[in-house]
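# Reading the structure
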Amino acid sequence: MSQGTEQWKSRWGFIAAGIGMAIGTGNIWRFPRMVANNGGFPFIIAWTIALLVWAIPLLIGELVMGRKTRLGNIGAFRDFAGKGFTWMGTWQVAVCLLIMSYYSVVMGWCAKYFTLAATGAFAKPLDLEATKAIWTSFTTTPVQTILFHLISMGIGGFIIYRGVAGGIEKASKIMIPALFALLIIAAVRALTLPGAGQGLEFLFAPKFERLADPKLWLDAFTQAAWSTGAGWGFMVVYANYQKKRDEVAGNAFIMGVGDNVGALMAGMVVLPAVFALSLSPQMANAALTSGNTGLAFLYLAQLFTRIPLGSVFAAIFFLAMTIAALSSLLPMIEVGVKNLIDAGMDRKKATIAIAVGGFLVGVPSAYNINFLNNQDWVWGVGLFVSGLFVAIALMKHGIKKVHEEYINTPWTDFRVGAWWKVFIMAFPVLFILIFGWWIYQSITWYPDNWLAPFEVENVGTILVQFSALIIIALLTNNWLAKKIQASPGSVYDEK
């Protein structure tokens, strides 16, 4: 289908795709370990604030940029903010694709666990040591991790190759409600296990002193961005397929709140299961604060073995989780594909280029889990920078004009107040406060190696990788500004 002719079939289809974009492994794999590593309830407070002052305003802004320009991210920044800002679109695309490269690996984990469940690996009760052995055996076998990474990227590439709108929309309408239903069932079962109440206490205990920790706020804002899709550039691309009278603000709110509900549900499955299935509260706390990337896989897998027909339930759940991951992987691939289409490449060649490139860049993450953790650390923060760039583009175009002409349109059912302008204008200050505070504190956290570029999680590895990407984006600014085609027309100018 040629550019500009694809459209969402219904508002529910777009919302389902948007929630599917957000509710995936970011909720089930990432959120429980983020909330556990940051003290539980204080993180939820900071994360909810981040949703309201950062994620939702950004989602609204990205939708506007895509609807106005009808181009991918690079062209959208060029036409919306000016030629000199093209490099910011390049940054946003690159960060999205770098995350895509290891996100495909995580989807591969989900697919692997589906095959394990389908072949009876969770048919009999397992203890923590048994599930750890399964996890360790898989993640330390590169042949398997790379194979499932290849399968994941291949499936995503195949769907995008055939056309994105119908594939994403159809899958999301079926699998996202199914995933919600499965999370509810799993949460009910987890909460009825002996000792599960300690998990809820951990999740909701008011440890307000943790709110003074700058790392908590950085993690909360990056989680809000990572999970909702704010700053990824998804909405810039998805907005290309919207109709003129489709909602902007209302849809952004539904997607943002829906994502947070899904994440909380996942937290209420994983954390109570950790406490209920650990031999002691000390072991549970040790597991929750270990930062183990496989936390959901270790404890959810164990939980399923304690449920009647648990093997069947596990197969259904991990299949749903795999599809949820796929629904998030698809827009990542589409971001790259759309920008290559804007540069003159047809969809098929663009899809092959992005899928093959994403697979190759993701091989190190599939090979070594520490490399994956490093990429998650670096480009999770990179999303925070991407959000800042979107805010700058909105301010350059004119906050008042965007608010009055593009958001509060005559046909909208959800009118946005002046708070949106205030939050967008506050982005640079908010970024400087949180990011600057975090860098300052990091010198204390890593007094001897805070600038070392090869640490898994420190300032040095971020600065080196950020600098390399910014230099490349700046050097290619003018070339890409000329290479990207002219805008096919704004939705706001349609009759």
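Because the structure is a prediction, the values reported are computed rather than measured.

### What about the packing of aromatic side chains?
Inspection of the entire model under this criterion finds 31 aromatic pairs. Ring geometry for W232 and F234: centres 4.9 Å apart, planes at 35°, overall tilted. Three or more aromatic residues joined by ring pairs form one cluster here, namely W54, W217, F221, F384, F427, F431 and F435.

### Some points on the packing of helix α3 (residues 41-69) against helix α18 (residues 399-407)
The description of two helices packed together rests on the angle between their axes and the distance between the axes. The interhelical angle for the contact between α3 and α18, taken along N-to-C directions, is 70°, at an axis separation of 11 Å. As the angle between them shows, α3 and α18 are arranged roughly perpendicular. Contact residues: I60, V64 and K68 in α3; V402, Y406 and I407 in α18.

### As for the pattern of salt bridges
Enumeration according to the criterion identifies 5 salt bridges in this entry. For R33, the salt bridge identified is with D376, shortest N-O distance 3.0 Å. Here R33, found in helix α2 (residues 25-37), pairs with D376, found in helix α17 (residues 369-397); they are 343 residues apart in sequence, far enough to count as distant. An identical accessibility class is assigned to R33 and D376; each is buried. Its salt-bridge partner being K215, residue D219 comes within 2.9 Å of it at the nearest N-O pair. Of this pair, D219 and K215 both sit in helix α10 (residues 214-228), 4 residues apart, which is roughly one turn of the helix. Take D219: its relative accessible area is 6%, and that puts it in the buried class. Of the residues examined, K215 reaches a relative accessible area of 25% and is grouped as partly exposed.

About the cut-offs
Residues numbered from 1 in each chain as written. Predicted model: local features only at pLDDT ≥ 70, side-chain atom pairs only at ≥ 80, totals over all residues. Heavy atoms only, no water. Phe/Tyr/Trp six-rings, centres within 6.5 Å; stacked < 30°, edge-to-face > 60°. Axes fitted to C-alpha atoms, helices over the stretch in contact; angles between N-to-C directions. Helix = DSSP H or I, 4+ residues; strand = E, 2+ residues; numbered from the N terminus. Parallel < 35°, antiparallel > 145°, perpendicular 65-115°, else oblique. Contact = heavy atoms within 4.5 Å. Salt bridge = Lys/Arg side-chain N within 4 Å of Asp/Glu carboxyl O. Buried < 20%, exposed > 50% of the residue type's maximum accessible area, 1.4 Å probe, protein only.

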